[in-house]
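Residues per chain, in single letters:
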Amino acid sequence: MPCIFQDKNIVLGVCGGIAAYKIPELLRILVKQGASVKVIMTRNAEAFIGKVTFEALSGNPVCVSLFEEENQGAIRHIAWAQESDAVIIAPATANMIGKLANGIADDALSTFMLAVTSHRIICPAMNTNMYENRAVQRNMDILESDGLIILEPDAGELACGVTGAGRLPSPEYIADRLGKQLCKKDLFHQKILVSAGPTMEPIDPVRFISNHSSGKMGYAIAKAAEHRGADVTLVSGPTALRAPIGVHMIHVKTADEMAEAMFENMETSDIVIKVAAVADYKPNVQAEHKIKKKDEKLILQLDKNMDILKALGKRKTHQILVGFAAETQDLDTHAMEKLQEKNLDMIVGNIVGNSESGFGTDTNKVTLYFPDGKKKQFPTMVKDDVANILLDHIAEKVTVDAEN
Ligand code: CTP
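Residues numbered from 1 in each chain as written. Predicted model: local features only at pLDDT ≥ 70, side-chain atom pairs only at ≥ 80, totals over all residues. Heavy atoms only, no water.

**Considerations on the overall build of the chain**
Rules: Helix and strand assignments come from DSSP, with helices taken as H or I runs of at least 4 residues and strands as E runs of at least 2, each series counted from the N terminus. Accessible area is worked out with a 1.4 Å probe on protein chains only. A residue is then buried under 20% of its type maximum, exposed over 50%, and partly exposed in between. Pairs of residues are marked as contacts when any of their non-hydrogen atoms sit within 4.5 Å. Areas reported here follow the Shrake-Rupley algorithm with a probe of radius 1.4 Å; residue values treat only the protein chains shown as occluding. A positive count includes Lys and Arg, and a negative count includes Asp and Glu. His and the chain ends are not counted in either. Each charge is placed at NZ for Lys, CZ for Arg, CG for Asp and CD for Glu.
Within the chain, the secondary structure is distributed over 13 helices and 21 strands. Seen through its C-alpha atoms, the chain measures out along the principal axes to roughly 80 × 55 × 40 Å. The buried share among the 404 residues of the chain stands at 51%. For the chain, the share of sequence-separated contacts (at least 6 apart) that also reach a separation of at least 24 residues comes to 65%. Carbon and sulfur atoms make up 51% of the accessible area of the chain, which totals about 19,500 Å². Distance from the positive charge centre (44 side chains) to the negative charge centre (52 side chains) of the chain: 4 Å.

What follows is the structure, encoded as structure tokens:
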């Protein structure tokens, strides 16, 4: 179940605010992820950005007035409202918020909004004093109680020179929150603990032992779980990735630090997914100063790190425990051995070290293994889709466990 915009009809309402310059980028992100986007803009928005820009980027006609094209516009708002999966107004001005809160329909966008029954998301963006004005706040409260979602603006320096709340969030953030609205919430209130990325075991103050894990798979799982309604904590080794929105992050470096964070959070979790590529060994001493290259050979003594997942398996009570098996050969045998040895409810096996699966890639080819000996094989997919397939199986188990 891919929680993205594939084949979704999104209507983007654009009002006349300086932040309108960010909206072509939002439109581009949505279209790139498979959405069909239609734009309705107010006359004032045209003062900030041209209709042609949105037409070119969306590949669809843009609606500014209900009466622009020989009758077409007059019924278009009903058709677009009926087929939309979600509507997002960005930037939403104080004027538009006021009109929507009071059922006023005096232009194409406000009229269209009266006919919409799908998800409606409002992104206010304006001067701080306007945003904090009692009337605007009151109108937003009304919209929220009417079931619309208000995306809080960011605080920062605004175009008018004032510093405070009122800045439109980034297009990536808005697209992510819109994506969340479109996902089913089958993991609502589940507490999910995910570990991702490599660990880094120091040799001296400037060197370390690590591996090629990018963290992409674990981050994709954390993001998808948050979209599906879960409370997610992500214990992450060092990666170059941006924290998924709405996820509680715990940054660690070594396997020992990762173990501590996982043990601390396991008890309060319903589901634990251990994706991290833990370094199996660490130098038995960490040199206080940089090791100088005076000798021809340097021999490092390594100690075995704790198997964190195995330790979690021993402590497991009510949790669903999921592991990963990264193999270069004999996937079935090794994955099943790890599933049993670590007391898991599922293990995700993948062959690493090729261009379409495993470390650093955007795609993965996985097989899921279960304690009853069954397995399910999947074709190569983007990691976001792998994450959702994995969560589908977990959500199914949550439902079955709840019924028993
Ligand atoms: N794992 C862990 N702690 C370790 C090693 C691995 O928690 N010290 C977890 C990983 O996060 C993963 C699973 O165990 O979910 C399997 O990891 P993998 O690297 O495939 O196998 P290992 O158990 O380390 O065994 P081997 O390296 O011999 O294949």
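**Points about the domain arrangement of the chain**
The condition that has to hold: Start and end points for every domain follow an automatic or database-based domain assignment. By convention, the term buried area covers the 1.4 Å-probe accessible surface removed from two parts as they join, with the contributions of both added. Salt-bridge detection follows one rule: a side-chain nitrogen of Lys or Arg within 4 Å of a carboxyl oxygen of Asp or Glu. Here a polar contact is taken to be a pair of N or O atoms separated by no more than 3.5 Å, where protein atoms must pair a possible hydrogen donor with a possible acceptor and residues adjacent in sequence count only if both atoms sit in side chains. In this classification, the charged set is Asp, Glu, Lys and Arg, the nonpolar set is Ala, Val, Leu, Ile, Met, Phe, Trp, Tyr, Cys and Pro, and all remaining amino acids, among them Gly, are polar.
The assigned domain composition of the chain is domain 1 (9-182) and domain 2 (191-283 + 299-403). Distance between the C-alpha centres of domain 1 and domain 2: 38 Å. Between domain 1 and domain 2, the residue contacts involve five residues of the former and four residues of the latter. Summing both sides of the interface, domain 1 and domain 2 together bury roughly 520 Å²; the carbon and sulfur share of this comes to 51%. Interface area lost by domain 1 to domain 2 is led by Asp176, Arg177 and Lys180, which between them contribute 74%. Where domain 1 meets domain 2, there are two salt bridges. Note that Arg177 is salt-bridged to Glu226, the shortest N-O span being 2.8 Å. Linking domain 1 to domain 2 there are three residue pairs in polar contact (both at pLDDT 80 or more). In terms of residue class, the side of domain 1 that touches domain 2 is made up of one nonpolar, one polar and three charged.

**Thoughts on the nonpolar core**
Applicable threshold: Each nonpolar core is a collection of buried residues, namely Ala, Val, Leu, Ile, Met, Phe, Trp, Tyr and Cys, held together in the definition by side-chain atoms within 4.5 Å.
Core analysis: the biggest nonpolar cluster contains 37 residues, and Ile221, Ile273, Leu368, Leu390 and Ile394 have the highest contact counts within it. Elements with a contribution of two residues or more to this core: β8 (191-196), α9 (216-227), β11 (231-236), β13 (271-274), β16 (320-327), β17 (346-351), β19 (366-369) and α13 (383-403). No other element matches the eight residues that α13 contributes to this core. Setting aside residues no more than four positions away along its own chain, Ile273 makes contact with Ile192, Leu193, Val194, Ser195, Ile221, Val322, Phe324, Leu390, Leu391 and Ile394. Formed by 32 residues, the second largest nonpolar core is a distinct cluster that contains Ile23, Ala35, Ile174 and Leu182.

**Re the site of the ligand**
Note the threshold: A single heavy atom is enough: if one lies within 4 Å of a molecule or strand, its residue is considered near that molecule or strand.
Near the ligand, the surroundings consist of 14 residues, among which Lys274, Ala276, Leu309, Phe324 and Lys342 are the closest. Ala276 has a polar backbone atom sitting 2.6 Å from an oxygen atom of the ligand. Here Ile308 contributes a backbone N or O atom positioned 3.0 Å from a nitrogen atom of the ligand. Contact with the protein chains removes 77% of the 560 Å² of surface that the ligand exposes when unbound. With four residues, the single largest contributor to the shell around the ligand is β16. By residue class, the composition of the shell around the ligand is eight nonpolar, one polar and five charged.

**Topic: the side chain of Lys99**
Tracing the sequence through the fold places Lys99 in helix α4 (residues 94-101). A polar atom in the side chain of Lys99 sits 2.6 Å from the side chain of Asp106. Residues contacting Lys99, with those up to four places away along its chain left out, are Ile104, Asp106, Asp107 and Ser110.

**A word on the packing of aromatic side chains**
As a reminder, the rule being used: Each Phe, Tyr or Trp ring, with Trp reduced to its six-membered ring, pairs with another whose centre is within 6.5 Å; inter-plane angles below 30 degrees give stacked pairs, above 60 give edge-to-face pairs, and intermediate values give tilted ones. Two limits define a charge over a ring: the Lys NZ or Arg CZ must be within 6 Å of the ring centre, and within 35 degrees of the ring normal.
Summed over all chains, the structure comprises zero aromatic pairs. In this structure, Arg315 packs its charged tip against the face of Phe263, placed 3.8 Å from the ring centre.

**As for the environment of Leu321**
Within the fold, Leu321 resides in strand β16. The buried category is assigned to Leu321, whose relative accessible area is 0%. As a C-alpha pair, Leu321 and Ala159 span 162 residues in sequence and 49 Å in three-dimensional space. Aside from chain neighbours lying at most four places away, what touches Leu321 is Val272, Leu309, Leu312, Gly313, Lys316, Lys342, Asn343, Leu344, Asp345 and Met346.

**Comments concerning unusual backbone geometry**
Cis geometry marks the peptide bond from Ala90 to Pro91; its omega dihedral reads -10°. Mapped onto the elements of the fold, Pro91 is located in strand β3 (residues 86-92). The residue Asp330 is not glycine, and still its phi comes out positive at about 45°. Considering the arrangement of structural elements, one finds Asp330 in the loop between β16 and α12 (331-341).

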